[in-house]
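Examining the three-dimensional arrangement
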Amino acid sequence: GQNIDQPTEMTATEGAIVQINCTYQTSGFNGLFWYQQHAGEAPTFLSYNVLDGLEEKGRFSSFLSRSKGYSYLLLKELQMKDSASYLCAGRLSTDKLIFGTGTRLQVFP
Amino acid sequence: DTGVSQNPRHKITKRGQNVTFRCDPISEHNRLYWYRQTLGQGPEFLTYFQNEAQLEKSRLLSDRFSAERPKGSFSTLEIQRTEQGDSAMYLCASSPWGAGGGYEQYFGPGTRLTVT
């Protein structure tokens, strides 16, 4: 079957660093997406990893290990506006996305 | 670039009624996807199109659901004989897939359906 697991909730302090982990078990895996979703809004694209390793984009970085079925999203210099749900999604060979339930991150001052 | 648009943004209907939602993808994106999201969950795949061809349908898409993309541009999702369990956010996404672009799927704002 297809399975994406990520923690349900996390909290962190403004200015800190937080790592959101995601493990996956999918057949026909073609890559791993991370999306940010504020309450009541559509998901917005953050990153897409196909190869093993770390991809950095400003304050956000994403890592993938295909052999371990593992990814993480790293958020640095946290801001209050980073409070949102972060969705991990596996892209299958058929091009559809399989999403986890999302990790709700709360950033406190 | 106006992004993916969806109409209506909100729909309240009575059980048993039919509803239709529209999605306008980013222009020149050849792939269009429909997902459904309920509170506290991630989006669930429903179906997707390459141009006007419907390539895959989820088992979640019962025979009450139908989707079209007649000219390879906008798409409609119709739900017949709505049930309370159909209440959800219906998300549309588009992708430039293979057309010299990447595989990122860009989401619209969604249509929130409430069945009473």
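Residues numbered from 1 in each chain as written. Chains lettered and ligands numbered in written order. Predicted model: local features only at pLDDT ≥ 70, side-chain atom pairs only at ≥ 80, totals over all residues. Heavy atoms only, no water.

1. Remarks on the interface of chain A and chain B
Every contact between the two is made by 17 residues of chain A and, on the other side, 20 residues of chain B. For the pair chain A and chain B, the two sides together bury roughly 1,600 Å², of which 56% comes from carbon and sulfur. For the chain A face of the interface with chain B, the top three residues by lost area are Asp95, Lys96 and Phe99 of chain A, together amounting to 29%. For the pair chain A and chain B, the number of links is 2 salt bridges. (Contact = heavy atoms within 4.5 Å. Buried area = accessible area lost by both parts, 1.4 Å probe. Salt bridge = Lys/Arg side-chain N within 4 Å of Asp/Glu carboxyl O.)

2. Re the sheet that holds strand β6 (residues 53–57) of chain A
All names here are of chain A. As summarised here, the arrangement of the 5 strands in space is β1-β3-β8-β7-β6, forming an open sheet in which the pairing is antiparallel. Strands at the two margins of the open sheet, each flanked by one partner only, are β1 (3–5) and β6. With strand direction ignored, the average angle separating the axes of adjacent strands in the sheet is 15 degrees. With 5 bridges joining them, β6 and strand β7 (residues 60–65) adopt antiparallel strand pairing. Bridging across to β7, Leu54 finds its partner in Phe63. (Pairing = 2+ DSSP bridges. Helix = DSSP H or I, 4+ residues; strand = E, 2+ residues; numbered from the N terminus. Axes fitted to C-alpha atoms, helices over the stretch in contact; angles between N-to-C directions.)

3. Concerning the confidence of the model for chain B
When pLDDT is averaged along chain B, the result is 92; 95% of the residues meet or exceed 70. The least confident element of chain B is strand β6 (residues 53–57) of chain B, whose mean pLDDT is 92; the most confident is strand β3 (residues 19–24) of chain B, at 98. (pLDDT = per-residue confidence, 0-100.)

4. Some points on the nonpolar core
Of all hydrophobic cores here, the largest spans 22 residues; its most connected members are Leu32, Trp34, Leu75, Leu78, Tyr86 and Leu105 of chain A. Among the elements of the structure, β3 (18–25), β4 (29–37), β7, β8 (70–75), β9 (84–92) and β11 (103–108) of chain A are those that each provide at least two residues to this core. In this structure, Val4, Phe21, Phe49 and Leu61 of chain B belong to the second largest nonpolar core, which totals 19 residues. (Core = buried A, V, L, I, M, F, W, Y, C linked by side-chain atoms within 4.5 Å. Buried < 20%, exposed > 50% of the residue type's maximum accessible area, 1.4 Å probe, protein only.)

5. A word on the pattern of salt bridges
Applying the stated criterion across every chain yields a total of 9 salt bridges over all chains. Between Arg31 of chain B and Asp95 of chain A there is a salt bridge whose closest N-O contact spans 2.9 Å. Residue Arg31 of chain B is found in strand β4 (residues 31–37), and its partner Asp95 of chain A is found in the loop between β9 and β10 (97–99); the two belong to separate chains. For the residue pair Arg31 of chain B and Asp95 of chain A, the accessibility class agrees, reading buried in each case. The residue Glu83 of chain B makes a salt bridge to Arg64 of chain B at a minimum N-O spacing of 3.4 Å. Of this pair, Glu83 of chain B sits in the loop between β8 (75–79) and β9 (88–95) while Arg64 of chain B sits in the loop between β6 and β7 (65–68), and the two are 19 residues apart along the sequence. The class of Glu83 of chain B is partly exposed, set by a relative accessible area of 40%. Note on Arg64 of chain B: relative accessible area 10%, which makes it buried.

6. Brief notes about the state of the cysteines
One pass over the structure, following the stated rule, counts 2 disulfides over all chains. Residue pairing for Cys22 of chain A: its cysteine sulfur links by disulfide to Cys88 of chain A, the two sulfurs lying 1.9 Å apart. Where Cys22 of chain A bonds to Cys88 of chain A through sulfur, the torsion about that S-S bond is close to -70 degrees, and the disulfide is left-handed. One end of the pair, Cys22 of chain A, is in strand β3; the other, Cys88 of chain A, is in strand β9, and 66 residues separate them in sequence. Side by side, Cys22 of chain A and Cys88 of chain A carry an identical accessibility label, which is buried. Each sulfur in the disulfide pair Cys23 of chain B and Cys92 of chain B lies 1.8 Å from the other. (Disulfide = S-S within 2.5 Å.)

7. Brief notes about the sheet that holds β7 of chain B
Residue and element names in this part refer to chain B. The strand order across the open sheet formed by 4 strands is β1-β3-β8-β7, and the pairing between neighbours is antiparallel. The sheet is open, and its two borders are formed by β1 (5–7) and β7, each paired with just one other strand. The average angle at which neighbouring strand axes cross in this sheet is 15 degrees, direction not considered. Pairing of β7 with β8, which is carried by 4 bridges, proceeds in the antiparallel orientation. What sits directly across from Glu68, in β8, is Thr76.

8. Details of the pairing of strand β5 (residues 44–49) of chain A
All names here are of chain A. Examined bridge by bridge, β4 and β5 share 5 bridges and lie antiparallel to one another. Across the sheet, Phe33 pairs through a bridge with Tyr48, a residue of β5. With antiparallel pairing between neighbouring strands as the criterion, β4 and β5 make up a hairpin whose turn holds 6 residues, including Gly40 at a positive phi of roughly 80 degrees.

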